[in-house]
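Single-letter residue listing:
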Amino acid sequence: MNIVVGGAQWGDEGKGKLIDILSQKADITVRYQGGNNAGHTVVVGKTQYVFHLIPSAVLHKSKTCVIGNGVVIDPQALLAELEQLRAQKIVVTPQRLKIAANAHVIMPYHRVLDGLREKVRKNRIGTTGRGIGPCYADKVTRCGIRMVDLLNPRILRLKLEDNLREKNETFRLVYGHKPFHFSEIYKEYLQYGQRLKPFICDTALYLNQAIDRKKTILFEGAQGTFLDIDFGTYPYVTSSNSICAGACAGAGISPVKIHKSISAVKAYTTRVGEGPFPTEFSRELEEEIRSKGKEFGATTGRPRRCGWFDSVLVRYAAMLNGSTELAIMKLDVLDDLKMIKVCTGYQYKGKTLKEFPFDLETFCNVEPIYVTLPGWQTPISGIRSYGKLPVNARRYIEYLEKIIGVKVKYISIGSRRDEIIVR
Ligand code: IMO
Ligand code: MG
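Residues numbered from 1 in each chain as written. Chains lettered and ligands numbered in written order. Predicted model: local features only at pLDDT ≥ 70, side-chain atom pairs only at ≥ 80, totals over all residues. Heavy atoms only, no water.

## Some details on the overall build of the protein
A count of helices and strands for the protein gives twelve helices and 20 strands. Against the globule reference of 22 Å for 423 residues, the protein gives a C-alpha radius of gyration of 22 Å, in line with a compact fold. By principal-axis analysis of the C-alpha atoms, the protein measures approximately 65 × 50 × 40 Å. When the 423 residues of the protein are sorted by exposure, 58% land in the buried category. Across the protein, every contact between residues at least 6 apart in sequence was considered, and the portion connecting residues at least 24 apart equals 76%. Element-wise, carbon and sulfur atoms account for 53% of the exposed surface of the protein, whose accessible area totals about 18,300 Å². Across the protein, the centroid of the 62 positively charged side chains sits 4 Å from that of the 42 negatively charged ones. (Helix = DSSP H or I, 4+ residues; strand = E, 2+ residues; numbered from the N terminus. Rg over C-alpha atoms; globule rule 2.2 N^0.38 Å. Buried < 20%, exposed > 50% of the residue type's maximum accessible area, 1.4 Å probe, protein only. Contact = heavy atoms within 4.5 Å. Areas by Shrake-Rupley, 256 points an atom, 1.4 Å probe, with all protein chains shown as cover. Lys, Arg positive; Asp, Glu negative; His and termini not counted. Charge placed at Lys NZ, Arg CZ, Asp CG, Glu CD.)

## Quick word on the site of ligand 1
Looking at ligand 1, there are 20 residues lining it, with Asp-12, Lys-15, His-40, Thr-128 and Thr-238 nearest. In this structure, Lys-15 approaches ligand 1 through a side-chain N or O atom, which is 2.8 Å from an oxygen atom. Side-chain polar atom of Thr-238 to an oxygen atom of ligand 1: 2.6 Å apart, as the coordinates give it. Looking at the shell around ligand 1 residue by residue, the class counts come to seven nonpolar, ten polar and three charged. (Near = heavy atom within 4 Å. Polar contact = N/O pair within 3.5 Å; in protein donor to acceptor, adjacent residues only side chain to side chain. Nonpolar A, V, L, I, M, F, W, Y, C, P; charged D, E, K, R; others polar.)

## Regarding the nonpolar core
In terms of nonpolar packing, the biggest core is built from 54 residues, with Ile-289, Leu-331, Leu-334, Tyr-396 and Ile-411 touching the most fellow members. If you list the elements that add at least two residues to this core, you get α9 (283-292), α10 (311-321), β15 (325-329), β16 (339-348), α12 (391-404) and β19 (408-412). Counting the residues that make up this core, at least three belong to each of domain 1 (3-100 + 200-262) and domain 3 (266-422). Core analysis: the second largest hydrophobic core is formed by 46 residues, Val-42, Leu-78, Met-107 and Met-147 among them. (Core = buried A, V, L, I, M, F, W, Y, C linked by side-chain atoms within 4.5 Å. Domains from an automatic or database assignment.)

## Quick look at the domain arrangement of the protein
Size of an interface, as often reported, equals the accessible area lost when the parts are brought together. On domain assignment, one finds that the protein holds domain 1 (3-100 + 200-262), domain 2 (104-195) and domain 3 (266-422). On a C-alpha basis, the centroid separation for the pair domain 1 and domain 3 is 24 Å. Across the contact, 37 residues belong to domain 1 and 38 residues belong to domain 3. Summing both sides of the interface, domain 1 and domain 3 together bury roughly 3,100 Å²; the carbon and sulfur share of this comes to 61%. (Buried area = accessible area lost by both parts, 1.4 Å probe.)

## What about the side chain of Thr-225?
Relative to the elements of secondary structure, Thr-225 occurs in the loop between β10 (217-220) and α8 (246-251). With near-sequence residues (within four places) excluded, Thr-225 lies in contact with Gly-7, Ala-8, Gln-9, Phe-231, Gly-232, Ser-242, Ile-243, Ala-317, Leu-320 and Asn-321.

## Details of the pairing of strand β7 (residues 97-100)
Residues of β7 alternate between two faces, with Leu-97 and Ile-99 on one and Lys-98 and Ala-100 on the opposite face, all of them buried. Sheet topology places β7 next to strand β9 (residues 200-201); two bridges connect them, and they run parallel. Counterpart to Ala-100 in the pairing with β9 is Cys-201. (Pairing = 2+ DSSP bridges.)

## Here's the deal with the side chain of Lys-98
With respect to the element layout, Lys-98 can be found in strand β7. Lacking a salt bridge, the buried Lys-98 has Asp-202 as its closest oppositely charged neighbour, with an N-O distance of 12 Å. In this structure Lys-98 touches Thr-64, Cys-65, Val-66, Ile-67, Phe-199, Cys-201, Thr-203 and Tyr-206, once residues within four positions along its chain are discounted. (Salt bridge = Lys/Arg side-chain N within 4 Å of Asp/Glu carboxyl O.)

## Observations concerning the sheet that holds β19
Read across the sheet, ten strands follow the order β9-β7-β5-β2-β10-β1-β11-β15-β19-β20 without closing on themselves; strand pairing throughout is mixed. Among the strands making up the open sheet, the edge pair consists of β9 and β20 (420-422).

## What about helix α1 (residues 15-22)?
Of all the eight residues making up α1, eight are buried; the element is thus mostly covered by neighbouring parts of the structure. Of all the residues in α1, the buried ones are Lys-15, Gly-16, Lys-17, Leu-18, Ile-19, Asp-20, Ile-21 and Leu-22.

## Considering the pattern of salt bridges
On inspection of all chains with the given rule, the structure shows 25 salt bridges. Between Lys-167 and Asp-138 there is a salt bridge, with its nearest N and O atoms 2.8 Å apart. Taken together, the residues span a long stretch of sequence, with Lys-167 in helix α5 (residues 153-175) and Asp-138 in helix α4 (residues 132-141) at a distance of 29 residues. As far as the burial class goes, Lys-167 and Asp-138 line up, both buried. Note that Asp-418 is salt-bridged to Arg-384, the shortest N-O span being 3.3 Å. Note that Asp-418 is positioned in the loop between β19 and β20 and Arg-384 in the loop between β18 (367-374) and α12, a separation of 34 residues in sequence. Here Arg-384 falls in the partly exposed class, since its relative accessible area comes to 37%. When salt bridges with common partners are traced through the structure, they connect Asp-12, Lys-266, Glu-295, Arg-304 and Lys-330 into a single cluster.

Now the structure itself:
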């Protein structure tokens, strides 16, 4: 059974925790898009692990992890992550981590350009500043540098020289930025190549052969459906296909080899960075939920914007992802609320909209229509079976299930690994 897990909101749905649990049953876990813009937190006992590029499944010693071709890799960040894991006593050998030779590399000029573009843009996206957009842009422009190129000094020289010739001129003319030095970057990246060489291989071949040998694969999506480059709230999105279909192109797996699509949602909604967010809370409630839910970015530390659950969005996401199961995360964060609202449609210029509008301009100006449900006002983190949840918590879950039209299989009721209910 090969499963894709993805986010059905704007990222940070708690995918890291879900992957940590599901990966115990899979042989291999694969990241297929995004880069170190992602931040996945897993709490085991008293130890907290934060992952940006490496699948959190690496915590299970017998499991293999893959960073697929659809991911953009900052080698410096990857090595730092490996180092951090080693400090936390997790040793990652080339047997346990495979890196796609054809994954694109984030270069220093990508990171700098990400920051400069944000500075001069009228409509800031609020990117993570990791160079994600510029790196994907180079991939599509066909001037990108791939992991395999770091192993070939002649090719790296050629590509880097070509890139710098054009980029240094742009940096100077458009941004008044000093040029990047060829030899510094060349040396630095050749070194990264040598350090990562044992991990680099043809991961599509590795994965397909594993499937032939009846191994099970878990695909770990980063970001969320509404950050998807095609279907998200463009341009306030990331630069990859974060919907589950991204797993095919981002890992080299045929769609017929994927059997299940699990979508993670928070019991409410959050968003980091700019862009429309119709169900955003008023200031007071936002502060309450943010502090209860520890809603600060795992990558940038930015406070996350918080709001009510938007079922219009999630229903659309369930369609795009072909969701077979839902995982509702962080339900316990709503424990104290007297009333809980769910957005079921939008009001726009006197009309009622039941679907996610395709025009961002519309989406920026809609008024949410809410249904209000009673809260449960009891702590639920200690509960381990669905039947023992307070009736109003079950009512909330079943209401979401009904309007989204997908069965809720997992309910997370705390940050610890065991704080989960499986139905
Ligand atoms: P995980 O995997 C939440 C957001 C950024 C910004 C937009 C574009 O932890 O769910 P980028 O740096 O990708 O060009 O930024 O996307 N963003 C995320 N928000 N969770 C993430 O990942 C995100 N990755 C990117 O805040 O609004
Ligand atoms: Mg995040």
